[in-house]
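Geometric and topological summary
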Amino acid sequence: MFKKETYIKRREKLKKEVGNGLILLLGNSESPMNYADNTYHYRQDSTFLYFTGINHPDLVMLIDCDSGEEILYGDDYTIDHIVWMGQQATIASKAALCGINESQALAKLQAKLDKAKNQSRKIHFLPVYRHDNKIRLFEWLGVHPAKVSDEASLELIKAVINQRNYKSDEEIVEIEKAVNTSVDMHVAAMRMAKPGICESEIAAEMQRIAEAENGHLSFPVIATINGQTLHNHYHGNVIKDGQLFLLDCGAETEMGYAGDLSSTFPVGKTFTPEQKEIFNIALAGHEAAIDMLKPGVEFKEVYYQSARTIMEGMKSMGFVKGNIEDALINGAHAMFFPCGLGHMMGLDVHDMEDLGEVYVGWDGVPKSTQFGLKSLRLGRKLEPGFVLTIEPGIYFIPDLIDLWKKNKTNAEYLNFDMLEKYRNFGGIRNEEDFLITPDGKRLLGKQKPKTIEQVEAERKYAFK
Ligand code: GLY
Ligand code: MN
C-alpha cells in the first residue's frame, strides 16, 4: 500500500466534499465458487482500497463528516481461522497502517447506524454491485436490494469520482507497472501463437505472466480467433493459418491498479493482403484518436474523429458510400465500430463503472441511446490526470450485417454486397493506455508492437 498520509489526505478531502452525515464504505467479502470455503480469487472493492489500501475481506469503514471520526469495523481472526488461514495482523493494526485510529468489532456497527438513523442523520453509501453487500445494506439500513442504486448518495458518488478520476504520480507509477506487465503478456502471445495450438494455451500463458508478477488479470482474458465478438471469453478453438487472433488482456498490480491492452495478429507468419488493408484502417483510426488527446478536448469528438477516419478508409475500399458526415450522424459507422473508443482506467479496468458511467465518463450528461454511441463509456472533456484507453476496432459481425441488410438500416451509406464478401473476416482491435498531461498526453508503459511491421517481427519468433 501507499504510505498512510496518502489515505489520510484522500479521506480528509472526501469528508470535506461530502460535507455532512456519515459515509458508510463497504469492503468486499470472499465470494464462494461452489461452497463457502472454496472461493474465487479475492478482490477488494476499489473505492475501499482507494481510501484505506487494505486488501482484506469483511471490513467496513464509517466516516463521520461532521465530527471527523473514522472507524474501521471488522473481526480479528480467532484460533479457528488462524489454524486454517495463518496469523493475520489485527484489524487495529491494519487500521493504523492507513491512519485510522479506531477499530471495532463488526457487531458494533448496527448500534452506531441505528443511533445515526434515530438522529435523522444522513448515511451516505455507494451503489453496490455484490449481492452480499446488498443484503448487508438491507440488514443495517433497511434499504431494499432493488432500491440500492436509487438510494445511493449522489454527493458521495460525485465526491469519490472527483478524486479517483485524477491520478496522482504514485498511482501512475503503479499503473505503468501494470501496463508494462500487460505489454509482456501481449508480446509473449505474439511469440507463441502457432497454427495447431488452442486459444486456451495463450489464455493460460497470459494468466501465468500476470500472476508471476504477484498480480492478477485485470479482467477475464479475451484470446480468440473470433474477435468480431467484442467480449468473447471462449478459448476452445484450435487456431489455423490464415486466421486473425485478437488478444485483449491486462494485468493488475498487487495494489489493484490495472493495465488494459488489445492486439490483433495473424495466426500465420504474416497478415494476408486483405487483413493488412483493414488492419491499417483500424490503426489509422487509433492514431487519429491519439493525436487529439489533450486537456479541454471532448472525448466524444475524439471518438467521432476515430470513427470518421475508419469510415474514410472503409469508403476507399468500397464498404461505404455517400457523405461521411451524414453517415456518422446516422450511426452508420457502428456497423464496423459498434462500441466505444475507450474508458477511464485505474483501480478498475473500467474505472468506477460501478458508480455510473454518466458521472465518471460523461460528467452528468445523459448518454445517447443510438446504437454504437450508447456504448461510449467516456465522452467528457479531458483533464490532466485522467488515465484512459484508446481502443477503436473494425468488426465484421455476421448477425449485424444480416439485420441491417434486412431492415435496410443505413442502406444509403453501406454497401451490403461488399460486407457480404467480408462476413467471415473477424475483428481487429488495438488498444493502448494514456495519461492526459497538462499539455497533451503520454503513453503509459513501454511501447507495444502495433504496426504491421512490428507485429510481423514478433511473429517470426513463433516459427523459429
Ligand atoms: N478490455 C476490455 C474492455 O475494455 O472492455
Ligand atoms: Mn479496454
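The notes below deal with the structure included here. (Residues numbered from 1 in each chain as written. Chains lettered and ligands numbered in written order. Predicted model: local features only at pLDDT ≥ 70, side-chain atom pairs only at ≥ 80, totals over all residues. Heavy atoms only, no water.)

1. Comments concerning the sheet that holds strand 5 (residues 70-73)
Pairing within the open sheet is mixed, and its five strands lie in the order 6-5-4-1-7. With partners counted over all chains shown, the strands left at the sheet margins are strand 6 (102-104) and strand 7 (123-124), one partner each. Sheet topology note: the strand 5/strand 6 ladder contains three bridges and is parallel. Across the sheet, the residue bridging to Tyr73 is Gln104, located in strand 6. Lying on the sheet, helix 5 (residues 109-118) is in contact with strand 1 (22-26), strand 4 (60-64), strand 5 and strand 7; it crosses strand 4 at an angle near 35 degrees. (Pairing = 2+ DSSP bridges. Helix = DSSP H or I, 4+ residues; strand = E, 2+ residues; numbered from the N terminus. Contact = heavy atoms within 4.5 Å. Axes fitted to C-alpha atoms, helices over the stretch in contact; angles between N-to-C directions.)

2. Side note on the sheet that holds strand 9 (residues 222-224)
Ordered by their spatial adjacency, three strands build an open sheet running 9-10-12, and the pairing between neighbours is antiparallel. The strands lining the two open edges of the sheet, one partner per strand, are strand 9 and strand 12 (261-266). Between one strand and the next, the sheet's axes are offset by a mean angle of 10 degrees, whatever the strand orientation. As judged from the six bridges shared by strand 10 (residues 244-249) and strand 12, these two strands associate in the antiparallel manner. For Asp248, the partnering residue across the bridge sits in strand 12 and is Ser262. Against the sheet, helix 9 (residues 169-192) makes contact with strand 10 and strand 12, and its axis sits at roughly 15 degrees relative to strand 12, the strand it touches most.

3. Quick look at the side chain of Ser153
Relative to the helices and strands, Ser153 is located in the loop between helix 7 (148-151) and helix 8 (154-164). Judged by relative accessible area, which is 1%, Ser153 ranks as buried. At 2.7 Å, the side chain of Ser153 and the side chain of His124 are in polar contact. The contact partners of Ser153, leaving out residues within four places of it in the chain, are Lys122, His124 and Phe125. (Buried < 20%, exposed > 50% of the residue type's maximum accessible area, 1.4 Å probe, protein only. Polar contact = N/O pair within 3.5 Å; in protein donor to acceptor, adjacent residues only side chain to side chain.)

4. Looking at the environment of Ser149
Relative to the assigned elements, Ser149 resides in helix 7. Owing to a relative accessible area of 52%, Ser149 belongs among the exposed residues under this scheme. Along the backbone, Ser149 and Leu49 are 100 residues apart, and their C-alpha atoms lie at a distance of 21 Å.

5. Comments concerning the packing of aromatic side chains
Two descriptors summarise a pair of aromatic rings, namely the distance from one centre to the other and the angle between the planes of the rings. On inspection of all chains with the given rule, the structure shows 16 aromatic pairs. Centre to centre, the rings of Tyr50 and Phe51 are 4.9 Å apart; their planes meet at 80 degrees, and the pair counts as edge-to-face. Classification of Tyr50 as buried rests on a relative accessible area of 4%. Residue Phe51 is classed as buried on the basis of its relative accessible area, which comes to 0%. Each ring, one from Tyr303 and one from Tyr304, has its centre 5.1 Å from the other, and the planes form 70 degrees; the classification is edge-to-face. (Phe/Tyr/Trp six-rings, centres within 6.5 Å; stacked < 30°, edge-to-face > 60°.)

6. Here's the deal with the coordination of the manganese ion (ligand 2)
The coordination sphere of the manganese ion (ligand 2), as far as protein atoms go, consists of Asp260 (OD), His343 (NE2), Glu391 (OE) and Glu431 (OE), spread over 2.1 to 2.2 Å. Each donor residue of the manganese ion (ligand 2) belongs to the same chain, with the gaps between them written as D-x82-H-x47-E-x39-E. Placement of His343 in the loop between helix 13 (324-329) and helix 14 (357-360) and of Glu391 in the loop between strand 13 (387-390) and strand 14 (393-395) is noted, with a sequence separation of 48 residues between them. For His343, a relative accessible area of 3% puts it in the buried group. Judged by relative accessible area, which is 11%, Glu391 ranks as buried. (Donors = N, O, S within 2.8 Å, 3.2 Å for Na, K, Ca; no water.)

7. What to know about the site of ligand 1
Neighbouring ligand 1 are the residues Phe219, His231, Asp248, Asp260, His343, His350, Glu391 and Glu431. Separating a nitrogen atom of ligand 1 from a side-chain N or O atom of Asp260 is a distance of 2.9 Å. In this structure, an oxygen atom belonging to ligand 1 sits 2.8 Å away from a side-chain N or O atom of His350. Here ligand 1 has 200 Å² of accessible area as a free molecule, and 95% of this is covered by the chains. Taken together, the residues of the shell around ligand 1 break down into one nonpolar, three polar and four charged. (Near = heavy atom within 4 Å. Areas by Shrake-Rupley, 256 points an atom, 1.4 Å probe, with all protein chains shown as cover. Nonpolar A, V, L, I, M, F, W, Y, C, P; charged D, E, K, R; others polar.)

8. Brief notes about the nonpolar core
By size, the foremost hydrophobic cluster in this structure holds 148 residues, and its most contacted members are Leu24, Phe319 and Phe336. Those residues in contact with Leu24 that sit more than four places away from it in its chain are Val60, Met61, Leu62, Leu109, Leu113, Ile123, His124, Phe125, Leu137, Trp140 and Leu141. (Core = buried A, V, L, I, M, F, W, Y, C linked by side-chain atoms within 4.5 Å.)

Take it as geometry only, folks, not as evidence of what the structure does.
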